[in-house]
Amino acid sequence: MLEDSSPLLADETQRQGFLGDLEVKRVAKRSPECTNVYNNCVCNFYKLKDHCSSPVHEAWMRGNCEATCGFCADPEDHICDNIYPDQMCDLFANRGLHQKPQLQYFMACKCPKACGICDVGRPSAALPIPDDTFDQEECLRLHNEKRSHHGAAELTWCPKCADFAQQMVQTLQDSNSPLIHSSSESRRWQVGGRMVPHGENLMYYFPKVDCRISVESWYKEKDLYKPRQPLILNIESAGHFTQMVWKDTTSVGCAKTEKYLACIYEPAGNWKSVFLFERNVQM
């Protein structure tokens, strides 16, 4: 069915879904002259696994997934979007589900845009591919711009927070790890003679991340925040947003690698207290 150079799936659940999708042939992706031989979900999965640029698999991808890889036609004609709602897909991607082997095929099929699979040839207008520089002032400005809509004072830059964030993202980048938060204990250190807990927001974005992409993605959770629902649900669904606008937080430090970005907040927000949430998160 597949040539020897095609990727293989180790997980049986993914494999069965994959084999079922192979039955769909000649899926038009952009134009009649530019098509995928195999189902879009299959090609999206292969692209997520970096097979479009793999020396081993590139020839096979050119013959079977040329539209997804951007080997033909104009990127302007590229038809690719999330099947699930954008907010849900962004939340899944922000939590690194597309990096977990057992969920990669699902994410490639249902949330290709959130995984970066839809980026072909050149960046989209909505989420531009950032450069490799990190603009500290821009990151701080973006945070304070969002906070201004919620009655929260401007943050200042926290160098120690930025140093911690740099260690965090470098560890994630080196290990190509899913988004796993650092322990709350490791984010406690002395500030002004007392131990202060610090909050943490993480972001993964392919092919490259920057602060604008991260802040905009976190801020989208605003629509998921419902003051009257249980706190644990708000923290789970909108915790990045609530930490960004938490009034008692006074400073932030961020750092990035190519695909990972972390922001550390001083002091931490998202305390499990109805009173503190009502006082700190203004809608």
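Small disclaimer: the values here were computed from a predicted structure and weren't measured.

(A) Local environment of the pattern of salt bridges. If you walk through the whole model with that rule in mind, you get nine salt bridges. Between Arg95 and Glu236 there is a salt bridge, with the nearest N and O atoms lying 3.8 Å from each other. Placement of Arg95 in the loop between α5 (86-94) and α6 (104-110) and of Glu236 in helix α10 (residues 231-245) is noted, with a sequence separation of 141 residues between them. For Arg95, a relative accessible area of 30% corresponds to the partly exposed category. Residue classification places Glu236 among the partly exposed residues on the basis of a relative accessible area of 44%. Note that Asp223 is salt-bridged to Lys222, the shortest N-O span being 3.6 Å. It is possible to trace a salt-bridge network through shared partners that takes in Glu138, Arg141, Glu145 and Arg212.

(B) Structural view of the packing of helix α9 (residues 211-219) against α10. Packing of α9 against α10 brings their axes to within 7 Å, and their N-to-C directions diverge by 105°. Between α9 and α10, the interaxial angle falls into the category roughly perpendicular. The segment α9 lies against α10, with Val215, Trp218 and Tyr219 engaging His240, Phe241 and Met244. Per-class residue counts for the contact of α9 with α10 are five nonpolar, one polar and no charged.

(C) Region of the structure containing the sheet that holds strand β6 (residues 199-204). Spatially, β3-β7-β8-β6 is the arrangement adopted by the four strands of the open sheet, whose pairing is mixed. Of all strands in the sheet, those bounded by a partner on one side alone are β3 (156-157) and β6. One ladder, built from two bridges, connects β3 with strand β7 (residues 251-256); its direction is parallel. The residue of β7 that forms the bridge with Thr156 is Ser251. Strands β6 and β8 (260-266) of the sheet are contacted by α9, whose axis makes an angle of about 110° with β6.

(D) Quick look at helix α7 (residues 136-147). Over its 12 residues, α7 extends 17 Å from the first C-alpha to the last, a length consistent with the 16 Å expected when each residue adds 1.5 Å. Among all positions in α7, only Cys139, Leu140, Leu142, His143, Asn144, Lys146 and Arg147 are buried. Close packing links the buried residues of α7 with β3, α9, α10, β7 and β8. The backbone nitrogen of Glu137 lies 3.2 Å from a side-chain oxygen of the residue at the head of α7, namely Asp135.

(E) Spotlight on the side chain of Arg147. With respect to the helices, strands and loops of the structure, Arg147 is situated in helix α7. Of the side chains with opposite charge, Asp248 comes closest to the buried, unpaired Arg147, at an N-O distance of 7.9 Å. Excluding residues that lie within four positions of it along the chain, Arg147 makes contacts with Ala152, Ala153, Leu155, Met244, Val245, Trp246, Lys247 and Thr249.

Rules of the game
Residues numbered from 1 in each chain as written. Predicted model: local features only at pLDDT ≥ 70, side-chain atom pairs only at ≥ 80, totals over all residues. Heavy atoms only, no water. Salt bridge = Lys/Arg side-chain N within 4 Å of Asp/Glu carboxyl O. Helix = DSSP H or I, 4+ residues; strand = E, 2+ residues; numbered from the N terminus. Buried < 20%, exposed > 50% of the residue type's maximum accessible area, 1.4 Å probe, protein only. Axes fitted to C-alpha atoms, helices over the stretch in contact; angles between N-to-C directions. Parallel < 35°, antiparallel > 145°, perpendicular 65-115°, else oblique. Contact = heavy atoms within 4.5 Å. Nonpolar A, V, L, I, M, F, W, Y, C, P; charged D, E, K, R; others polar. Pairing = 2+ DSSP bridges. Expected span 1.5 Å × (residues − 1). Polar contact = N/O pair within 3.5 Å; in protein donor to acceptor, adjacent residues only side chain to side chain. Lys, Arg positive; Asp, Glu negative; His and termini not counted.

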